[in-house]
Each structure stands twice: as structure tokens, then as C-alpha cells.
Amino acid sequence: MLRVLPRRCDRDGDTRQGACKGGWGSGILRVLNLGNKDVELIDELGKEGGDIKRCIQCGACMSICPVAISGFEFPNKRLFKLIILEMGEEVLEHKSPWICVSCHRCVDVCPRDVNPHSIYFALRRLQSKYFRHPKVFEDLVRRIHAHGFCVESTDSERRRTLGLNELKMDEESLEEVREILTSGKLRDLGVVR
């Protein structure tokens, strides 16, 4: 069985909000093979994320999401539909859970008590387990492991000129951060050593 889902994207691959001249849903259509279900993966996601099958696709979570409002593609409604359809491969490839800023607004407005935030974070753990997380996540973790911060300060002199303190973690704290990062699954996955 095949199902066609609208994709918010123009023919040049521009996926920004409003990029499609005809509005939402115009442009390229995406065909999903509903015969490729992954029930186990979706059950595993449900154990940590909650009962997503309660979602009625009302879009309340998207209407309040600061990431979606600011124009980033954050199609949680589409992601949830893929989960409900048990499209494991499509779900594992989805990058949107990594954009979530954990404001919990989606949890507050959901009329069905779905808790989208828990689902995003369960999906992050699942993607990491199957080594399907975005590469930018690995880079971020490696920077934290190396410097203690996700953003590396490369201009100490300029910071001094501006009267800002040097962005540097003391060795004891940095060792503690490294121990935390290497004691978990990140080491097993080869993200940190």
C-alpha cells in the first residue's frame, strides 16, 4: 500500500517555511511505502516517549513551538504521522527532534496529553542507539569533551579587549565533564574516547 504525503519543499530543494510559491503542501509529493512498517522500533519509541497514538494531528504543538514559529522546518506533526504509520526508517532519518529547544510549550497545549517533548527525546536516544543522529551532534559532544563548552572560544584577545573573562573551564571541572561523557553510551558509539 502506498500513501502520498505532501512535502513542504520546492523543486530546488528549498525547505524553508514559505519557500513554496503555492504555500504549504505544494511542490514535491512524497510517496511512502506503507508495507515497510517497523512495529518493533515504534514500540521501542513508545516505551520511553509515551502513547503517541493518542495524537489527533491537530497541530496545536506546531502552533506554539518557538522553533516552528521562527521559520525552521520543524514538522513535528509530520514526524508524528510517520511514527503513527510505523515508518521506522523514515522516523530514524528525521532530524527535527534535534532542533527542539525544550521549552515544553507543546506539552502544555496538547489536548490529548501526548507529551511531544518526551517523544522527541526518546527519538534522540533511539537515533543515537542506532547511530543515526545528525553529525552536528557528534561535533558538539566532541567540543564539550575537548573544551567543556559546545562553542569553542577562538579569540581570547578580543574577549579581553571587550572586558570579558576568558572562556575556559578549570581542569578539575573539565575532567569531571569528560568522565561523564565517557562513562555512558557515547563511548560505546565511538563519539568520544
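Structural data are supplied above this passage.
Please read these numbers as outputs of a predicted model, since none were measured by experiment.

Trainee: Any chance you could break down the packing of helix α8 (residues 135–147) against helix α10 (residues 171–182) for me, citing the residues and the numbers?
Mentor: Between α8 and α10, whose axes approach to 8 Å, the crossing angle comes to 140 degrees. Along its contact with α8, which presents Val141, Ile144, His145, Ala146 and His147, the element α10 presents Leu174, Val177, Arg178, Leu181 and Thr182. The residue makeup of the contact of α8 with α10, split by class, is six nonpolar, three polar and one charged.

Trainee: I'd like a description of a negative patch on the surface, backed by residues and values.
Mentor: A contiguous patch of negative charge on the surface is contributed by Asp170, Glu171, Glu172, Glu176 and Glu179. Looking at the element boundaries, Glu171 is found in helix α10.

Trainee: Describe the environment of Asn76, and please don't skip the residues or the numbers.
Mentor: Note on placement: Asn76 falls in helix α4 (residues 76–84). Separated by 19 residues in the primary sequence, Asn76 and Gln57 place their C-alpha atoms 9.6 Å from one another. Setting aside anything within four residues of it in sequence, one finds Asn76 in contact with Cys61, Met62 and Tyr120.

Trainee: Residue-level account of the pattern of salt bridges, with values.
Mentor: Summed over the entire model, instances satisfying the criterion amount to nine salt bridges. For the salt bridge of Glu89 with Arg132, the shortest nitrogen-to-oxygen distance reads 2.3 Å. With Glu89 in helix α5 (residues 88–93) and Arg132 in the loop between α7 (116–129) and α8, the pair connects residues that are 43 residues apart, well separated along the chain. You can call Arg132 partly exposed: its relative accessible area is 23%. Put simply, Glu89, Glu93 and Arg132 are held in one network by salt bridges that share partners.

Trainee: Before we move on, can you summarise unusual backbone geometry with the specific residues and values?
Mentor: Positive phi outside glycine occurs at Gln57, with the angle close to 60 degrees. The exposure class of Gln57 is partly exposed, given its relative accessible area of 21%. Its identity as a non-glycine residue notwithstanding, Asp113 has a phi of 50 degrees, on the positive side. Along the chain, Asp113 falls in the loop between α6 (105–109) and α7.

Trainee: I'd love a proper account of the packing of α4 against α7, names of residues and values included.
Mentor: Interaxial distance between α4 and α7 falls to 12 Å at its minimum, and their mutual angle equals 70 degrees. Classified by the interaxial angle, the pair formed by α4 and α7 is roughly perpendicular. Note that α4 runs across α7; the crossing there is left-handed. Of α7, the residues touching α4 (which contributes Asn76, Leu79, Phe80 and Ile83) are Pro116, Ile119, Tyr120 and Leu123. Counted by class, the contact of α4 with α7 contains seven nonpolar, one polar and no charged residues.

Calculation rules
Residues numbered from 1 in each chain as written. Predicted model: local features only at pLDDT ≥ 70, side-chain atom pairs only at ≥ 80, totals over all residues. Heavy atoms only, no water. Axes fitted to C-alpha atoms, helices over the stretch in contact; angles between N-to-C directions. Helix = DSSP H or I, 4+ residues; strand = E, 2+ residues; numbered from the N terminus. Contact = heavy atoms within 4.5 Å. Nonpolar A, V, L, I, M, F, W, Y, C, P; charged D, E, K, R; others polar. Patch = residues over 30% accessible without salt bridge, like charges linked within 9 Å, V, L, I, M, F, W, Y side chains within 5 Å. Areas by Shrake-Rupley, 256 points an atom, 1.4 Å probe, with all protein chains shown as cover. Salt bridge = Lys/Arg side-chain N within 4 Å of Asp/Glu carboxyl O. Lys, Arg positive; Asp, Glu negative; His and termini not counted. Charge placed at Lys NZ, Arg CZ, Asp CG, Glu CD. Buried < 20%, exposed > 50% of the residue type's maximum accessible area, 1.4 Å probe, protein only. Parallel < 35°, antiparallel > 145°, perpendicular 65-115°, else oblique. Left-handed = near helix turned anticlockwise from the far one by under 90°.

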